[in-house]
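Listed here are the chains, written in short residue letters.
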Amino acid sequence: MRVILTGIAGKAGQLVAQELLERGFEVIGIDKRAWPNAPEGIQIHRADIRKRAAEEVFRHERPDAVIHMATVTHLARRSEERYRINLQGTRAVFDHSHNYGIKNVIFVGRHTFYGASSVSPLYHKEDDPPQSVNTFPELSDLVAADLYAGSALWRYPELTTCILRVCYTLGPACHGTLSSFLRGKRVLTALGFDPLFQFMHDRDMARAIVLALEKNLRGVYNVAGPMPVPLSVIIKECGRQQIPVPEQLFGLMQGRLGMPRVPRGAVAHIKFPVITNADAFREATGFEFEFDHTQIIEQFLEACPPPH
Amino acid sequence: MAWFADKDISERVDRMEVEFNQFGVDAYGVSKKELVRTYTLLAFFYRKYFDVTVNGIEHVPARGRAMLVGNHSGGLALDGAIVTGSMLLEAEPPRLVQAMTDKFINSLPFGSLFSSRLGHLTGLPEHATRLLEDERLLMVFPEGHLGTAKLYGDRNSLVRFGTGFMRLALRTKSPIVPFAFLGGGDAIPTIANLEKTGKLLGLPYLPITPYLLPLPRPVSLELYYSEPMVFEGTGNEDDAVIQDYVDLVKERIAGLIERGAKIRLGRGESSVQ
């Protein structure tokens, strides 16, 4: 089976590419960025997913499936640019998939779709509405991309479309939102709040995505690993120092004393939990996580020890 | 062992049917350490400060889903604390009682932290349903916050019951164990509720007693549990049908209160001048 993987040069994309190779898929990557030392057998096209060169790859290679991971999650980029990449890129992927006879499309989204607020329930099911548009407006482009991808279920019924909302990842790749949050020696938290966090091993994430393809999954699914734990426990286990700060002081502390910068809307995500119920995915695919909390944290610590 | 933790309480928490992970936390963020610490304090008040009598605790199922449904008596969640304490200190095996908290608590610093570490999640239908489907013991006060605002003269009365708990019981096929709590009005004899002052403190209102502060007095408290009531249905019945079921539960609780109040009166219920 020939699979196009967009965003292949990202850390998460690389892991998925390796998993695909191991499972015997033929991998064709599309990314603006280079992947130096990519494993043999992977074809990489340096192209922007929204441009003609990318469409050419679809036309020529005639793949069977697409895994779309070319979305920007970090907030360093200006929101206009993020909007163009996340929403227009997703549109291009579905249009090309429809035009060039692709069978399966997997959109890799995020659990932050559901948003964090004081009145949102624990264990979101897939039909819960996206609250992050309200609580964290900076994420609205990702929410829009997720919903747009979901609309392919009725717009292009011939495509087997699968939307995965994956929880935070942690592990040797040292990549992703949670990993960046834990990078420094000290970690800022909101005083008087200690939300539950859900995270899974990088490789379990890659395995889950490939499994969704193998099982020909259609629909919207949450993907998660072991049971959630309080943020304070994660910080302690990762050998970091927790600095609880009254919410009002957040603006002042950011970017100083070795603290990372966190956008305003993100504060809700360290006050309230975003936890998903991933039972439907487990039932549909038989997915079981391989790495538990201890293994995930051990491997993260090895690759990303607290700075001295 | 954590500081301020009683050995007996710790042993009782160990015997609760709650699955804690290697960090001592369950799937809802309930912390074993916090339970032991808070229950140690609660046990002092339950055993030493107040004179608590519990009747009919055998009516509460030893395991599996159930809803404890009762009256509010006394502000400041004294009723909830005593019900929780009874299931920890007197039930065999001890059970964790989980309540649904007011939404405002979750947005306060430390509010959500402490309530969720003790198993009391934000009052959302999704939470209640999930806990019951997970075979937990849920405590419900259908009078809502109007019930906690009762003044001293109304201490043995019931205000309007919400109906959401009945649809929840029908949908999740959970037995309802009605209970009555007496003495809360004597412990915290409220003579007025200050709404504006309360709002300034981030509370719905501030109860005022003859000695000003709403601190509980060391009085006798009684808790009556009655036989479980099981209703058949889907939870999609007409409002009128649901209301009839709710009235049956309310009558049962009113009967328990009446019985308890007579006994208190016979004993010479303490009164406030």
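In this text, all values refer to a predicted model and were calculated from it rather than measured experimentally.

**Q** Help me understand the overall build of chain B in this model?
**A** Across its full length, chain B holds eleven helices and nine strands. For 273 residues, the compact-globule formula gives about 19 Å, and the C-alpha radius of gyration of chain B, at 18 Å, lands near that figure. Residues classed as buried in chain B amount to 42% of the 273 residues present. By sequence separation, contacts in chain B at least 24 residues apart represent 75% of the contacts at least 6 residues apart.

**Q** How do you make sense of the overall build of chain A when you look at a structure like this?
**A** If you tally the helices and strands in chain A, you get twelve helices and 13 strands. Taking 19 Å as the expected radius of gyration for a compact globule of 308 residues, we find that chain A reaches 19 Å, a close match to that expectation. Along the first, second and third principal axes, the C-alpha set of chain A runs to 55 × 40 × 40 Å. When the 308 residues of chain A are sorted by exposure, 48% land in the buried category. Counting only contacts in chain A whose residues sit at least 6 apart along the sequence, the fraction spanning at least 24 positions is 77%.

**Q** Looking at this model, I keep getting lost on the sheet that holds strand 4 (residues 65-68) of chain A. Mind explaining?
**A** Strand pairing in a sheet relies on backbone hydrogen bonds. The paired strands run either parallel or antiparallel. Residue and element names in this part refer to chain A. Pairing is parallel in the open sheet, where seven strands are placed in the order 3-2-1-4-5-6-11. Pairing within the sheet leaves two strands with one partner each, and these edge strands are strand 3 (42-46) and strand 11 (219-223). On average, adjacent strands in this sheet sit at an angle of 20 degrees to one another, irrespective of strand direction. Seen against the sheet, helix 1 (residues 11-22) touches strand 1 (2-6), strand 2 (26-31), strand 3 and strand 4 and runs at an angle of roughly 170 degrees to strand 1.

**Q** Got a minute to help me understand the packing of helix 1 of chain A against helix 7 (residues 202-214) of chain A in this structure?
**A** To describe two helices that pack against each other, one gives the angle between their axes and the distance between the axes. Residues and elements named next belong to chain A. Helix 7 packs onto helix 1 with a crossing angle of 60 degrees between their chain directions and a minimal axis gap of 9 Å. With respect to their mutual orientation, helix 1 and helix 7 come out oblique. Between helix 1 and helix 7 the crossing geometry is right-handed. Between helix 1 and helix 7, the contacting residues are Ala-12, Leu-15, Val-16, Glu-19 and Leu-20 on the first element and Asp-202, Arg-203, Met-205, Ala-206, Arg-207, Ile-209 and Val-210 on the second.

**Q** Sorry, what's going on with the confidence of the model for chain B here?
**A** Do not read the predicted coordinates in detail wherever pLDDT is low. When pLDDT is averaged across chain B, the result is 89; 96% of the residues are at 70 or more. Predicted complex metrics record ipTM = 0.86 and pTM = 0.90.

**Q** Help me understand the interface of chain A and chain B, please; the structure alone is not making it clear to me.
**A** Much of the literature gives interface size as the accessible area that the parts lose upon coming together. Contact residues are listed per partner, giving 14 residues for chain A and 19 residues for chain B. Here the residues of the side of chain A that touches chain B sort into eleven nonpolar, two polar and one charged.

**Q** For this particular structure, what's the right way to read the environment of B:Gly162?
**A** All names here are of chain B. Topologically, Gly-162 is positioned in the loop between helix 7 (145-148) and helix 8 (164-172). Here Gly-162 falls in the partly exposed class, since 14 other C-beta atoms lie within 10 Å of it. Along the chain, Gly-162 and Phe-181 lie 19 residues apart, while their C-alpha atoms are 18 Å from each other. Those residues in contact with Gly-162, other than ones at most four positions away along the chain, are Pro-142 and Gly-144.

**Q** I would appreciate a short explanation of helix 8 of chain B in the present structure.
**A** In an α-helix, one turn spans 3.6 residues; hence positions three or four apart end up facing the same way. All names here are of chain B. Buried within helix 8 we find Phe-165, Met-166 and Ala-169. Take helix 8 and look down its axis: the buried residues cluster within an arc of 100 degrees, on one side only. Packed against the buried residues of helix 8 are strand 2 (66-70), strand 5 (137-140), strand 6 (176-182) and helix 11 (239-266). Phi turns positive, to about 50 degrees, at Lys-173, one or two residues after helix 8.

**Q** Help me understand helix 3 (residues 78-89) of chain B in this model?
**A** Residues and elements named next belong to chain B. Its twelve residues place the ends of helix 3 16 Å apart at the C-alpha level, agreeing with the 16 Å of an ideal helix rising 1.5 Å per residue. For helix 3, the tally of buried residues reaches eleven of twelve residues, placing the bulk of the element in the interior. Buried within helix 3 we find Leu-78, Asp-79, Gly-80, Ala-81, Ile-82, Val-83, Thr-84, Gly-85, Ser-86, Met-87 and Leu-88.

**Q** How should the sheet that holds strand 5 of chain B be read in this particular structure?
**A** Residues and elements named next belong to chain B. If you walk across this open sheet you meet the seven strands as 1-9-6-2-5-3-4, and the pairing is mixed. The two strands at the open ends of the sheet, each matched to only one other strand, are strand 1 (51-55) and strand 4 (121-122). Direction of pairing for strand 6 relative to strand 9 (residues 220-225): antiparallel, over a ladder of four bridges. Considered in strand 9, the bridge of Ala-180 is made with Tyr-224.

**Q** Sorry if this is basic, but what is going on with the nonpolar core here?
**A** One recurring pattern in soluble globular proteins: nonpolar side chains tend to sit buried together. Of all hydrophobic cores here, the largest spans 158 residues; its most connected members are A:Val16, A:Ile67, A:Ile209 and B:Leu68. Once residues lying within four places of it in the same chain are set aside, the contact partners of A:Ile67 are A:Val3, A:Leu5, A:Val16, A:Ile106, A:Val108, A:Ile209 and A:Leu213.

**Q** Before we go on, may I ask you to explain unusual backbone geometry in this structure?
**A** Excluding glycine, residues mostly carry a negative phi; peptide bonds, for their part, are mostly trans. B:Pro93 follows B:Glu92 through a cis peptide bond whose omega is -10 degrees. Summarising the element assignment, B:Pro93 is placed in the loop between helix 3 and strand 3 (97-101). Even without being a glycine, A:Asn37 presents a positive backbone phi close to 60 degrees. With respect to the element layout, A:Asn37 can be found in the loop between strand 2 and strand 3.

**Q** Can you help me understand the environment of B:Arg217 in this one?
**A** If you trace the backbone, B:Arg217 turns up in the loop between strand 8 (206-208) and strand 9. Linking B:Arg217 and B:Gly184, residues 33 residues apart in sequence, is a C-alpha distance of 9.4 Å.

**Q** Explain the packing of helix 3 (residues 79-99) of chain A against helix 5 (residues 140-155) of chain A here, please?
**A** All names here are of chain A. The geometry of helix 3 relative to helix 5 is characterised by a closest axis approach of 9 Å and an angle of 10 degrees between their N-to-C directions. In this view, helix 3 runs roughly parallel relative to helix 5, as classed from their interaxial angle. Each of Ser-79, Arg-82, Tyr-83, Asn-86, Leu-87, Thr-90, Arg-91 and Phe-94 in helix 3 lies in contact with helix 5, whose residues at this interface are Asp-141, Leu-142, Ala-144, Ala-145, Tyr-148, Ala-149 and Ala-152. Tallied by class, the residues present in the contact of helix 3 with helix 5 amount to nine nonpolar, three polar and three charged.

How each quantity is defined
Residues numbered from 1 in each chain as written. Chains lettered and ligands numbered in written order. Predicted model: local features only at pLDDT ≥ 70, side-chain atom pairs only at ≥ 80, totals over all residues. Helix = DSSP H or I, 4+ residues; strand = E, 2+ residues; numbered from the N terminus. Rg over C-alpha atoms; globule rule 2.2 N^0.38 Å. Buried ≥ 20, exposed ≤ 12 C-beta atoms within 10 Å, placed from the backbone. Contact = placed C-beta atoms within 7 Å. Pairing = 2+ DSSP bridges. Axes fitted to C-alpha atoms, helices over the stretch in contact; angles between N-to-C directions. Parallel < 35°, antiparallel > 145°, perpendicular 65-115°, else oblique. Left-handed = near helix turned anticlockwise from the far one by under 90°. pLDDT = per-residue confidence, 0-100. Nonpolar A, V, L, I, M, F, W, Y, C, P; charged D, E, K, R; others polar. Arc of directions from axis to C-beta. Expected span 1.5 Å × (residues − 1). Core = buried A, V, L, I, M, F, W, Y, C linked by C-beta atoms within 7 Å.

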